[in-house]
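# Notes for the structure review
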Amino acid sequence: VQLQASGGGLVQAGGSLRLSCVASGSMSSTNTMGWYRQAPGKQRELVASSTSGDYTNYADSVKGRFTISRDNVKNTVYLQMNSLKPEDTAVYYCHYAPTRGGLARGSYWGKGTQVTVSS
């Protein structure tokens, strides 16, 4: 599975960005797709995830500001980011995991896309 992310950029605090990630290749009908981010000097952290069963999960720091959605026909996951803050600045990575019985059976990463929020 290959993941191609796009949509990063430079935005002022309070602004919005929308990230997209298209998956290609042999995908499982049950899976989780999501977004992680890594700021300089920090560990990579989960931002939001969405299962093929439409269960979503968000980091507390982005709840109410970010929305994850997916188009299963297009094998695409989106991250709508509103009310951006300087602390949201990071490289954002798309992630895909095929699942079976609720457990991940693999892990795939896309190349990151830079999001920079100026104050």
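Data block above holds the structure.
## Quick look at the nonpolar core
Trp-35, Val-47, Phe-66, Leu-79, Met-81 and Tyr-92 are the most contacted members of the largest nonpolar core, which has 27 residues in total. If you list the elements that add at least two residues to this core, you get β1 (2-6), β3 (17-24), β4 (31-38), β5 (45-51), β7 (66-71), β8 (76-81), β9 (90-100) and β12 (113-118). Residue contacts for Phe-66: discarding those within four places in its chain leaves Arg-37, Val-47, Tyr-58, Leu-79, Gln-80, Met-81, Asn-82, Leu-84, Asp-88 and Tyr-92.

## Comments concerning the environment of Gly-7
Looking at the element boundaries, Gly-7 is found in the loop between β1 and β2 (9-12). In this structure Gly-7 comes out as partly exposed when scored by relative accessible area, which is 32%. Sequence separation of Gly-7 and Leu-79 is 72 residues, and the distance between their C-alpha atoms is 9.4 Å. The residues contacting Gly-7, other than those within four sequence positions of it, are Leu-17, Arg-18, Leu-19 and Thr-113.

## A few points about the pattern of salt bridges
Evaluated as defined, the whole model comprises four salt bridges. Among the ionic pairs, Asp-88 bridges to Arg-37, the shortest N-O distance being 3.0 Å. In this pair, Asp-88 sits in the loop between β8 and β9 while Arg-37 sits in strand β4, placing the two residues 51 residues apart along the sequence. As far as burial versus exposure is concerned, Asp-88 and Arg-37 are alike and both buried. A salt bridge links Asp-88 to Arg-65; the shortest N-O distance between them is 2.7 Å. Here Asp-88, found in the loop between β8 and β9, pairs with Arg-65, found in the loop between β6 (56-58) and β7; they are 23 residues apart in sequence, far enough to count as distant.

## Quick word on the sheet that holds β7
With respect to topology, four strands assemble into an open sheet ordered β1-β3-β8-β7, the strand pairing being antiparallel. With partners counted over all chains shown, the strands left at the sheet margins are β1 and β7, one partner each. When the angles between neighbouring strand axes are averaged without regard to direction, this sheet yields 15°.

Rules of the game
- Residues numbered from 1 in each chain as written.
- Predicted model: local features only at pLDDT ≥ 70, side-chain atom pairs only at ≥ 80, totals over all residues.
- Heavy atoms only, no water.
- Core = buried A, V, L, I, M, F, W, Y, C linked by side-chain atoms within 4.5 Å.
- Buried < 20%, exposed > 50% of the residue type's maximum accessible area, 1.4 Å probe, protein only.
- Helix = DSSP H or I, 4+ residues; strand = E, 2+ residues; numbered from the N terminus.
- Contact = heavy atoms within 4.5 Å.
- Salt bridge = Lys/Arg side-chain N within 4 Å of Asp/Glu carboxyl O.
- Pairing = 2+ DSSP bridges.
- Axes fitted to C-alpha atoms, helices over the stretch in contact; angles between N-to-C directions.

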